[in-house]
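# Secondary and tertiary structure notes
What follows is the residue order along each chain.
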Amino acid sequence: MFANRRKDFPTLCADNPPAYLDNACMTLRPTSVIEAIRSYYEVTPGCGGRSVHRYGNAVSRKVNSCRSKLQQLFNANEVGEIVFTNNATHSLNQVAKGLSWNKGDIVLTTDREHNSNLVPWLQLEQEQGIDHRVVHSNYDNTFDLEAFEDACAKAGRKLKMVSLSHVGNLDGVETPVKAAAKIAKDHGAMVCIDAAQSAPHMKIDAQDLGVDFMAFSIHKMMGPSGMGCLWGRMDLLEEMRTIHAGGSTVSTSQYDSLAWSKPPAKFEGGLGNYSGILGTDAALDYISGLDLDAVHEHEVSLNRVMTSIVKDVNGMSIIGPTDPTLRGGICSILLDNLDAHDIAILLDDAGIMVRSGMHCVHSWFNSKGIAKGSLRASSYLYNTEEEVRLFAETLVEAVDALG
Ligand SMILES: Cc1ncc(COP(=O)(O)O)c(C=O)c1O
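Sheet strands pair via backbone hydrogen bonds, and the direction of the pair is either parallel or antiparallel. Taking strand neighbours across the sheet as the criterion, the 7 strands line up as S2-S8-S7-S6-S5-S3-S4 in an open arrangement whose pairing is mixed. Edge positions in the sheet fall to strand S2 (82–85) and strand S4 (131–135), since each has one partner strand and no second. Going across the sheet, the axis of each strand differs from the next one's by a mean of 20°, ignoring polarity. Direction of pairing for strand S3 (residues 106–110) relative to S4: parallel, over a ladder of 5 bridges. Across the sheet, threonine 110 pairs through a bridge with valine 135, a residue of S4. Against the sheet, helix H3 (residues 88–98) makes contact with S2, strand S5 (159–165), strand S6 (190–194), strand S7 (213–217) and strand S8 (228–232), and its axis sits at roughly 155° relative to S7, the strand it touches most.

Next up, the structure:
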């Protein structure tokens with residue numbers, strides 16, 4: 001369906017391109033993004049927001065345009081609500097460490113969070129005495145709305161924050177964020193979503209979801225690595241402390257006092273990743289030209305192919321629901337007797353790139369006593385049926401031969 005887009009990605013135009021199925025980690029970049037990064041260094045290598053010469057002004061215009069595109073893409077209320085960060089981890093840390101907490105404040109997450117949406121809360125538990133609680137999923141990793149509602153009710157007035165992955169990188173399972181946010185709000189809590197795995201694959205209307213904060217990575221959206229974003233409601237951003245104070249974060253300073261800048265500048269301390277922002281601007285142009293519903297459908301259709309090939313094979317099982325429509329583009333496979341890293345290396349020799357290990361969701365694997373992790377194939381618009389077939393068939397052969 002998106003086969004004609006392959007020519008936009010230089011890595012896919014090489015001789016014998018690999019079947020790149022590690023898109024949940026980072027996607028490939030189209031030529032337009034690479035050119036935009038290059039043009040920063042070649043044409044306008046200036047400092048946005050500070051220098052008023054032509055390089056600086058050109059960069060400032062690009063930064064503003066990029067922020068507006070993000071505002072539009074996610075229907076943020078105002079452009080100042082869009083904060084550039086280094087990655088989703090930085091965004092989530094800004095929320096956790098920028099808000100004020102009292103001892104005993106309760107924060108709920110699910111049992112399938114990436115470390116980025118677990119470790120900052122665990123750190124606050126250790127250092128500030130908040131009470132981090134985990135809401136367990138259903139047996140097939142789908143969100144247990146009833147258990148969530150019970151956990152909110154049990155937390156009562158101490159419930160301060162609910163921080164949920166929108167789509168899990170472990171299994172591709174989506175959280176019904178709108179319904180969960182409504183419940184959390186009824187209990188007076190703030191809601192943050194980790195949208196690292198949803199933003200590249202589906203339309204998101206942050207206001208309609210009813211959440212307060214949203215963190216995501218640009219490198220999973222065909223943009224440059226080392227770029228991320230935090231969206232937050234302006235009233236909350238205005239209250240929140242920056243975790244990165246310095247240049248840009250203040251409008252003025254004296255030897256003994258300062259005046260904080262308004263968001264987003266308050267959170268963007270130091271010289272920015274301008275080549276990254278120019279690359280992000282180009283990635284947003286690319287993604288805006290796609291029908292994201294069709295991208296999602298394409299990924300599910302590839303997942304159907306992988307699932308049908310591996311689902312009944314002895315020695316392996318898919319994490320999450322058996323129905324691939326509930327796992328988007330992610331097919332994460334447990335291998336009974338084989339080490340996932342060994343198989344990933346073998347697949348790489350066969351020209352297939354997947355991810356192996358615990359995918360930064362150690363807590364889920366450890367809670368189940370699974371020491372070897374899983375093998376995860378994750379697709380994007382440019383992947384083809386031949387590629388996912390090659391992956392699944394080669395894996396089955398390897399498991400037959402070695403398992
Ligand atoms: C669900 C999820 N959250 C957070 C992250 C962390 O993203 P980043 O590397 O941009 O900090 C990832 C990365 O894989 C992820 O999949």
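Proximity of charged atoms lets side chains of opposite charge pair with each other. Under the criterion given, the structure shown has 20 salt bridges. Measuring nitrogen to oxygen at the nearest pair gives 3.1 Å for the salt bridge that ties aspartate 208 to lysine 178. A residue pair is termed long-range when its members are at least 10 positions apart, and aspartate 208 in helix H7 (residues 206–209) and lysine 178 in helix H6 (residues 177–186) qualify at 30 residues. Among the salt bridges present, the one from lysine 203 reaches aspartate 293, with a minimum N-O distance of 3.3 Å.

Around the ligand, 13 residues are found, and the nearest of them are Thr89, Asp194, Gln197, Ser217 and Lys220. In this structure, an oxygen atom belonging to the ligand sits 2.8 Å away from a side-chain N or O atom of serine 217. At 3.4 Å from an oxygen atom of the ligand is found a side-chain nitrogen or oxygen belonging to histidine 219. Contact with the protein chains hides 89% of the accessible area of the ligand, taken as 390 Å² for the molecule alone. A breakdown of the residues in the shell around the ligand according to their chemical character gives 3 nonpolar, 8 polar and 2 charged.

What counts as what
Residues numbered from 1 in each chain as written. Predicted model: local features only at pLDDT ≥ 70, side-chain atom pairs only at ≥ 80, totals over all residues. Heavy atoms only, no water. Pairing = 2+ DSSP bridges. Helix = DSSP H or I, 4+ residues; strand = E, 2+ residues; numbered from the N terminus. Axes fitted to C-alpha atoms, helices over the stretch in contact; angles between N-to-C directions. Contact = heavy atoms within 4.5 Å. Salt bridge = Lys/Arg side-chain N within 4 Å of Asp/Glu carboxyl O. Near = heavy atom within 4 Å. Polar contact = N/O pair within 3.5 Å; in protein donor to acceptor, adjacent residues only side chain to side chain. Areas by Shrake-Rupley, 256 points an atom, 1.4 Å probe, with all protein chains shown as cover. Nonpolar A, V, L, I, M, F, W, Y, C, P; charged D, E, K, R; others polar.

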